[in-house]
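One-letter residues, chain by chain:
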Amino acid sequence: MTHNLLGPEPTLLPEHTVAQAALDAGVDPAGVAAEHPYFSAAWAQLAESAFEAGETVAAYAYARTGYHRGLDQLRRAGWKGFGPVPWSHRPNQGFLRALAVLAKAAGKIGETEEYERCRTFITDSDPAAAEATGLA
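Below, the structure is looked at part by part. Just so it is clear, the structure is predicted and the values come from calculations on it, not from any experiment. (Residues numbered from 1 in each chain as written. Predicted model: local features only at pLDDT ≥ 70, side-chain atom pairs only at ≥ 80, totals over all residues. Heavy atoms only, no water.)

This part covers helix H1 (residues 17–24). Residues of H1 that are buried: Ala19, Gln20, Ala22 and Leu23. Angularly, the buried residues of H1 cover 155° about the axis, an arc narrow enough to put them on a single face. Residues Thr17 and Val18 are exposed on H1 and point more than 90 degrees away from its buried face. Among the structural elements, helix H2 (29–35), helix H3 (40–52) and helix H5 (90–108) are those in contact with the buried residues of H1. Among the residues trailing H1, glycine 26 stands out with phi positive, at a value near 90°. (Buried < 20%, exposed > 50% of the residue type's maximum accessible area, 1.4 Å probe, protein only. Helix = DSSP H or I, 4+ residues; strand = E, 2+ residues; numbered from the N terminus. Arc of directions from axis to C-beta. Contact = heavy atoms within 4.5 Å.)

To continue, consider helix H6 (residues 112–125). Count 3.6 residues to each turn of an α-helix, and residues three or four apart come out pointing the same way. In this model H6 runs 20 Å from its N-terminal to its C-terminal C-alpha over 14 residues, within 8% of the 20 Å that 1.5 Å per residue would give. Among the residues of H6, Glu114, Cys118, Phe121, Ile122 and Ser125 are the ones counted as buried. One side of H6 holds all its buried residues, which, seen down the axis, span an arc of 90°. H6 presents Thr112, Glu113 and Asp124 as exposed residues on the side facing more than 90 degrees away from its buried surface. (Expected span 1.5 Å × (residues − 1).)

The biggest cluster of nonpolar side chains holds 27 residues, and the ones touching the most others in it are Phe95 and Ile122. When residues of this core are traced back to their parent elements, those giving at least two are H3, helix H4 (56–76), H5, H6 and helix H7 (127–132). Looking at this core element by element, the count peaks at nine residues for H5. Ala33, Phe39, Trp43 and Leu46 belong to the second largest nonpolar core, which has ten residues in total. (Core = buried A, V, L, I, M, F, W, Y, C linked by side-chain atoms within 4.5 Å.)

Another point: the side chain of threonine 11. Topologically, threonine 11 is positioned in the segment before H1. Of the residues examined, threonine 11 reaches a relative accessible area of 5% and is grouped as buried. For threonine 11, the residues in contact, after removing those within four places along its chain, are Leu74, Ala77, Trp79, Pro84, Val85, Pro86 and Asn92.

Next up on the list: the packing of aromatic side chains. What the rule picks out here adds up to five aromatic pairs. Here tyrosine 67 and phenylalanine 95 contribute two aromatic rings whose centre-to-centre distance is 5.9 Å and whose plane-to-plane angle is 20°, an arrangement assigned as stacked. Taken together, the residues span a long stretch of sequence, with tyrosine 67 in helix H4 and phenylalanine 95 in helix H5 at a distance of 28 residues. Using a relative accessible area of 0% as the deciding quantity, one classes phenylalanine 95 as buried. One aromatic cluster in this structure is built from Tyr67, Trp79, Phe95 and Phe121. (Phe/Tyr/Trp six-rings, centres within 6.5 Å; stacked < 30°, edge-to-face > 60°.)

Angle between the axes and distance between the axes: these two values describe a pair of packed helices. Axis separation between H3 and H5 bottoms out at 8 Å; the angle between their running directions is 30°. Judged by the inter-axis angle, H3 sits roughly parallel to H5. For H3 against H5, the interelement crossing comes out left-handed. Contact residues: H3 offers Ser40, Ala41, Ala44, Gln45, Ala47, Glu48 and Phe51, while H5 offers Gly94, Phe95, Arg97, Ala98, Val101, Lys104, Ala105 and Lys108. (Axes fitted to C-alpha atoms, helices over the stretch in contact; angles between N-to-C directions. Parallel < 35°, antiparallel > 145°, perpendicular 65-115°, else oblique. Left-handed = near helix turned anticlockwise from the far one by under 90°.)

Bringing the packing of H4 against H5 into the picture now. Packing of H4 against H5 brings their axes to within 8 Å, and their N-to-C directions diverge by 140°. Judged by the sense of rotation from one axis to the other, the crossing of H4 with H5 is left-handed. Only Phe95, Ala98, Leu99, Val101, Leu102, Ala105, Ala106 and Lys108 of H5 make contact with H4, whose side of the interface consists of Thr56, Ala59, Tyr60, Ala63, Arg64, Gly66, Tyr67, Gly70, Leu71 and Leu74. Across the contact of H4 with H5, the residue classes tally to 13 nonpolar, three polar and two charged. (Nonpolar A, V, L, I, M, F, W, Y, C, P; charged D, E, K, R; others polar.)

Next up, the structure:
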């Protein structure tokens with residue numbers, strides 16, 4: 001991702017090493033989310049699994065939780081509601097993955113405006129995120 005020198009600095013979420021290590025070790029993401037409710041990657045994994053299983057409403061709910069938890073952290077990290085959120089920074093990926101599933105689930109339940117809003121948000125955050133999550 002190229003940084004626009006006239007725009008805001010990229011926002012990098014903090015690392016959550018204990019929670020990430022648990023997910024990486026194969027701990028059930030529901031348990032990780034219960035123990036670390038701020039950790040968007042656990043919510044994103046729950047959302048992705050539910051979406052793949054055809055559980056669209058559950059996917060939407062998990063994704064919305066991960067999205068809102070990520071927004072809280074983005075704001076604490078200095079994000080002002082716009083600007084790059086690089087996919088290459090692994091701690092950002094949980095938020096971006098949750099946003100992608102939120103878009104997909106919204107589209108599936110007929111929430112066209114929300115689908116478009118989320119798709120635009122992820123593309124504006126980092127086009128690589130939109131490509132990696134299948135929203136490009």
